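Fold and contact review
Chain by chain, the residues:
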Amino acid sequence: MASPNGSRILVTGALGQIGTELVTALRDRHGEEAVLASDIREVAGHPAISGGPFIVADVLDWAAMENLIVDEDIGTIYHLAALLSATGEKNPGLCQEVNIGGMVNVLELARIYRLRLFAPSSIAVFGPDCPPLAPQQTPLNPTTMYGITKVAGELMADYYHAVHGVDVRGIRYPGLISWKAPPGGGTTDYAVEIFHDAIETGTYSCFVSAETRLPMMYMEDAIRATLELMDAPADSLGPARSGYNLAGCSFSAGELATAISERLEDFVCNFEPDERQEYADSWPDEVDDSAARQDWAWEARFGLEDLVDEMLANLTSMREVEV
Ligand code: NAD
Ligand code: SER
């Protein structure tokens, strides 16, 4: 069945928080028809469905995925289908199945059909033994199932690159903050939910403590980083190629609430930690992204103040349009 690699792009998990914006960015660059969005579910009116070709596909269904690669002339996969940390801890079996099984399938397809592959990792690869400023190279001892699947993903990607020459690249995304699509069940979701609740009700009950500090990034930076990494010449990439640390900005939940209060003076945030506090506590405060800076000239543009301005302005105008 094997044939030379195709010219089109497949995005798995395209209806999620990242896919919603990545599909649009890829279509802006390559044209609508060149980017096939896919997900296990359909959402009426979703821009990835209304803005170009879309197909329902389960990344665990080998035959369906193989047919899709061949029939749709696919040459590159952006593999976003996954279960995130909080959902993953509720159903660790499914998390293993989707995150590891899906990764094995796309790596094998990339080997057989000589595809390029982008497969994201996460700050969840780090565990409680990691220093507060996470180095690129450090022991990876995550305590969530999600983090374990992400370490496995990085190791498998390194193997497929070293042994089979697969051009697979990845970023350890920080918690991503965006307004176009809701977050998909992660520990860092509080940093998105807080904006919605601040605008809609003026209060938010935050599920981690005010002191909880995590690496975060505005989605615009994350999409640009993804495209820049995939544009980088292969020989510029070093040993971090399957999971580059990427810093955006780092802040505590309390600092985020204060930044919102400075703009919405009646806003009140209460802190009522739940089980997600433990996952957040197992991750570093910030990451050292010097490898990404050195290998492909990464530089973040959005700091805390910029992203708070952007989130409030965009969510407010979206709400005005909807009302
Ligand atoms: P998300 O949860 O918003 O979206 C994931 C999508 O995958 C969903 O639309 C879901 O329907 C789909 N999906 C689930 N199981 C599937 C299956 N079996 N087959 C096909 N599709 C399936 O996630 P996201 O935030 O867009 O994250 C995308 C990737 O980036 C994931 O690998 C995630 O681990 C990684 N990441 C995200 C963040 C973040 O803050 N959003 C941070 C670090 C890493
Ligand atoms: N934002 C993600 C999560 O919290 C990190 O990968 O699960």
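Residues numbered from 1 in each chain as written. Chains lettered and ligands numbered in written order. Predicted model: local features only at pLDDT ≥ 70, side-chain atom pairs only at ≥ 80, totals over all residues. Heavy atoms only, no water.

**A look at the overall build of the chain**
Basically, it comes down to this: Counting from the N terminus, the helices are the DSSP runs of H or I reaching at least four residues and the strands are the DSSP runs of E reaching at least two. The reference for a compact globule is 2.2 Å times residues^0.38; the radius of gyration itself is calculated from the C-alpha atoms. Partly exposed describes any residue whose relative accessible area lies between the buried limit of under 20% and the exposed limit of over 50%, with all areas from a 1.4 Å probe on protein chains only and scaled to the type maximum. What sets the accessible areas is the Shrake-Rupley method with a 1.4 Å probe; for residues, cover comes only from the shown protein chains.
Across its full length, the chain carries 12 helices and 16 strands. Computed over its C-alpha atoms, the radius of gyration of the chain comes to 19 Å, within 12% of the 20 Å expected for a compact globule of 323 residues. Each principal axis of the C-alpha atoms in the chain carries an extent, and together these give about 60 × 45 × 40 Å. Considering the chain as a whole, with its 323 residues, one finds that 56% of them fall into the buried category. Here the chain has roughly 13300 Å² of accessible surface; of this, 51% comes from carbon and sulfur atoms.

**Some details on the site of ligand 1**
In plain terms, the rule: Residues are counted as near a molecule or strand when any one of their heavy atoms sits within 4 Å of it. For the purposes of these results, a polar contact is taken to be a pair of N or O atoms within 3.5 Å, where, inside protein, one atom must be able to donate a hydrogen and its partner to accept one; residues adjacent in sequence count only when each atom of the pair is a side-chain atom. By the convention adopted, Pro, Cys, Tyr, Trp, Phe, Met, Ile, Leu, Val and Ala count as nonpolar, Lys, Arg, Asp and Glu as charged, and the other residues, Gly among them, as polar.
In the vicinity of ligand 1 there are 27 residues, among which Gln17, Asp39, Arg41, Tyr146 and Lys150 approach most closely. At a separation of 3.4 Å, an oxygen atom of ligand 1 approaches a polar backbone atom of Gly16. The backbone of Ile18 places a nitrogen or oxygen atom 2.9 Å from an oxygen atom of ligand 1. Within the complex, the protein chains bury 93% of what would otherwise be the 830 Å² of accessible surface of ligand 1. Those elements that place two or more of their residues in the shell around ligand 1 are helix H1 (17-30), strand E6 (121-122), helix H6 (145-164) and strand E10 (175-177). For the shell around ligand 1, the per-class residue count stands at 15 nonpolar, eight polar and four charged.

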